[in-house]
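Coordinates in review
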Amino acid sequence: MSTNSLATTHRTDLCGALRSSDIGRHVRLGGWIHRSRDLGGLTFIDLRDRAGIVQVSFDPTNCSPEVYATVVGAGQETVVLIGGDVVARPEAMRNPDLATGDVEVRGTTIQIVGPATPPAIPVARARNENLAAEELRLRHRFLDLRRPELQENILLRHRLMQATRRFLSERGFFEIETPILTKPTPEGARDYLVPSRVHPGEFYALPQSPQLYKQLLMVSGFDRYFQIARCFRDEDLRQDRQPEFTQIDVEASFVAQDDIMRLAEGLIGSLWSEAGIEIPSEFPRMTYAEAMERYGIDRPDLRYDLAIMDVSDVFRGADFGITRSALEQGGRVRGIRVPGGASLSRKQVDEIESAAKKAGAMGLLRLKAANGVLEGPVAKFLPEGSAAHLGLSDGDLGLYVAGADRVSSAALDRVRQDVARRMNLVKEAENHFLWVTDFPLFEEDPVTGALGAVHHPFTSPMPDDLALLDRAPERARAQAYDCVLNGTELGGGSIRISDPALQGKIFSLLGIDEATAQARFGFLLEGLRAGAPPHGGIAFGFDRIAMQLSGASSLRDVIAFPKTTAARALFEGAPSSVPSDDLADLHIAVTGSDA
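Quick caveat, the model's predicted, so the values are computed rather than measured. (Residues numbered from 1 in each chain as written. Predicted model: local features only at pLDDT ≥ 70, side-chain atom pairs only at ≥ 80, totals over all residues. Heavy atoms only, no water.)

**So, the packing of aromatic side chains**
Evaluated as defined, the whole model comprises 11 aromatic pairs. Measuring from centroid to centroid gives 4.6 Å for Phe-283 and Phe-433, while their planes differ by 15°, and the two rings are stacked. In this pair, Phe-283 is assigned in the loop between α6 (257–274) and β11 (285–287) and Phe-433 in strand β17 (residues 433–437), connecting sequence segments 150 residues apart. A residue is classified by how much of its surface remains accessible, and Phe-433, at 5% relative accessible area, is buried. Arranged with centres 5.3 Å apart and planes meeting at 40°, the rings of Tyr-288 and Phe-439 form a pair that is tilted. One end of the pair, Tyr-288, is in helix α7 (residues 288–295); the other, Phe-439, is in the loop between β17 and β18 (442–444), with 151 residues separating them in the sequence. For Phe-439, a relative accessible area of 1% corresponds to the buried category. A network of ring pairs unites the aromatic residues Trp-272, Phe-283, Phe-433, Trp-435 and Tyr-481 as a single cluster. We note Arg-171 situated over the ring of Phe-167; from NZ or CZ to the ring centre the distance is 3.6 Å. (Phe/Tyr/Trp six-rings, centres within 6.5 Å; stacked < 30°, edge-to-face > 60°. Helix = DSSP H or I, 4+ residues; strand = E, 2+ residues; numbered from the N terminus. Buried < 20%, exposed > 50% of the residue type's maximum accessible area, 1.4 Å probe, protein only. Lys NZ or Arg CZ within 6 Å of the ring centre and 35° of its normal.)

Quick look at the structure:
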């Protein structure tokens, strides 16, 4: 956007947009006083706006006494209107750290339009400048948002939104808004509930996703839909979670899995290109089964190797109680080879084992190779030549977990990540995108054996696995796919069920009887019975994408007004108590409080 298009009654230019080509011009500027320096007869102001900072000098011989007195008395973060002439800075006084560092404005007029009290927190000028504690910055978010780093993040977020709209609109997708006040659903995370004043005792829910609405749009014949959708989940927070978040939501009709994946690759490519990063036009694919077998997780980080190996055969004849018991109970012995890992200290390996135990493992078996011989507590139970069978060369470390796959996979995933960090194996500058496909349709409760949906109950089974629904539904695979980047899930999707009879069967396998299905999802079932095309889609975590592309360490740094990890908005004091009269209007009574 050109500077002239931003000209208004109060300003001709943006502060941070002035360059040598503007020398000789008289300009009017508006902005915040970032810093001021009184050099005894000459006062300098660093004037800041969204485009950056420019230096303004005031000489009492070139302006009225009233103007100069105003300049000297103006405090930090005061908003002013300034008039003056753009001049070249002397060679020795140029500032290479500023885009405007070759020029300054010789001020002739100043008007205070936004007097300010001393700021509660400093407004940092550069990245990595000393910052106040995050909780204090979130309390004064309007000040923290003045930081160039955060403004750059929010600007990038804006550009990514526009790039999304352009990409999908050019491919025939319609941007359609779906309801924010929706029907409560027991699926997924907890809903945020909204009481109805006009219907006592009844509640809306804030949407966890637009899933059912976008399917109904396909039933309605809109064919291609997208939305940059606001979603809400009442769940425990982490560094990469917020109770309200934004996703790029996409759905299309008459498509197969490959169609959605190709579309998504193009969309992700356009977003990374908007951020100045070129990535491959196609992403490699890996089945869920392979990901779990080789990496112990369905979103593996491929910036380092450390693939998990099944070494059960090596331990099968070992007279070692832990491995013998695991193998007799149908488990396996699996582990990773750490090249050069023998250099890790015992304390470091103990810490790695602690991480494995937190993930459910009973312990971690350790073996080191030296001069072709294995060392470690379990080494004496293994036959000669086992180092070669384990793939361990001199200086290598082997770390193994014995037990059921659900235990060893989770534990070895933690071990892989911990070892990679300690051994500096992660290639931080690389981007490794991956599609994970062929997810299980169901997951079994390890205690009750009841089936639950791995993604959601509207995901279509693989056509080849339809027969399994009658005899072994736990083995059925889903037409589902996740897009992963460096161990982070960017988004996921699936081909949906378009046959109402099949949808009813899936509900039944999930323990949802016909009456319950009608009460919860009757409007969807009615839509499917009206004739539904084959359809599918995907949703990407937009906040997570913005965080990746900005290099931020937290989602809070790419959201204008985020919540804390306790789900509080400190700058406004939300959530807060509500007067009893307002609660009475909503037919609500508060019966208890932790306060």
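**Points about the pairing of strand β16 (residues 397–403)**
Taking burial as the measure, the seven residues of β16 include seven buried ones, the bulk of the element. The two faces of β16 match: Leu-397, Leu-399, Val-401 and Gly-403 on one face and Gly-398, Tyr-400 and Ala-402 on the other face are all buried. Alignment of strand β13 (residues 332–338) against β16, held across seven bridges, turns out to be antiparallel. Bridge pairing links Ile-336 to Leu-399 in β16. (Pairing = 2+ DSSP bridges.)

**Re the sheet that holds strand β2 (residues 43–49)**
Strand pairing within a sheet occurs via backbone hydrogen bonds; the two strands may be parallel or antiparallel. Reading around the circumference, β1-β2-β3-β5-β4 is the order of the five strands in this closed barrel, with mixed pairing throughout. Averaged over all adjacent pairs, the angle separating strand axes in this sheet is 55°, with direction ignored. In this structure, strand β1 (residues 26–38) lies alongside strand β4 (residues 79–88), joined through seven bridges in antiparallel fashion. Opposite Gly-30, over in β4, you have Leu-81 as the bridge partner. Helix-sheet contacts for helix α1 (residues 65–73) involve β1, β2, β3 (52–58) and β5 (103–114), and the interaxial angle to β5 is about 80°. (Axes fitted to C-alpha atoms, helices over the stretch in contact; angles between N-to-C directions. Contact = heavy atoms within 4.5 Å.)

**Some details on the nonpolar core**
One finds Ile-248, Trp-272, Phe-540 and Ile-545 to be the most contacted residues of the largest nonpolar core, which totals 39 residues. Only α4 (148–169), β10 (244–253), α6, β17, β20 (480–485), β21 (488–495), β22 (535–541) and α16 (542–550) provide two or more residues apiece to this core. Ranked by residue count, the leading element in this core is α6, at eight residues. Other than its neighbours up to four places away in sequence, Trp-272 contacts Ile-277, Ile-279, Asn-431, Phe-433, Leu-485, Leu-490, Ile-545, Gln-548 and Leu-549. (Core = buried A, V, L, I, M, F, W, Y, C linked by side-chain atoms within 4.5 Å.)

**A short note on the environment of Leu-39**
Position of Leu-39 among the secondary structure elements: in the loop between β1 and β2. Its relative accessible area of 56% is what places Leu-39 among the exposed residues. Placed 29 residues apart in sequence, Leu-39 and Tyr-68 show a C-alpha to C-alpha distance of 13 Å.

**Describing unusual backbone geometry**
With an omega dihedral of 0°, the bond running from Ala-574 to Pro-575 counts as a cis peptide bond. Inspection of the secondary structure assignment puts Pro-575 in the loop between α16 and α17 (580–585). One non-glycine residue with positive phi stands out, namely Asn-371, at about 55°. Among the residues examined, Asn-371 registers a relative accessible area of 72% and is labelled exposed.

**Focus: the packing of helix α5 (residues 211–219) against helix α15 (residues 514–529)**
Look at α5 against α15: their axes get within 10 Å of each other, and the N-to-C directions meet at 20°. It follows that α5 is roughly parallel to α15 by the angle criterion. Of the two elements, α5 crosses α15, and the hand of that crossing is left-handed. Where α5 abuts α15, its residues Leu-212, Gln-215, Leu-216 and Val-219 lie against Phe-521, Phe-523, Leu-524, Gly-527 and Leu-528. Of the residues that constitute the contact of α5 with α15, the class distribution is seven nonpolar, two polar and no charged. (Parallel < 35°, antiparallel > 145°, perpendicular 65-115°, else oblique. Left-handed = near helix turned anticlockwise from the far one by under 90°. Nonpolar A, V, L, I, M, F, W, Y, C, P; charged D, E, K, R; others polar.)

**Thoughts on the sheet that holds strand β9 (residues 224–232)**
Read across the open sheet, the eight strands follow the order β6-β9-β10-β22-β21-β20-β17-β11; overall the sheet is mixed. Here the strands that pair on one side only, and so sit at the sheet edges, are β6 (174–175) and β11. Strand direction decides the pairing type here: β21 and β22, joined by five bridges, are antiparallel. Bridge pairing in β22 places Ser-494 opposite Gly-537. Along the sheet, α5 makes contact with β9, β10 and β22, crossing β10 at roughly 25°. Against the sheet, α7 engages β11 and β17, with an angle of about 85° to β11.

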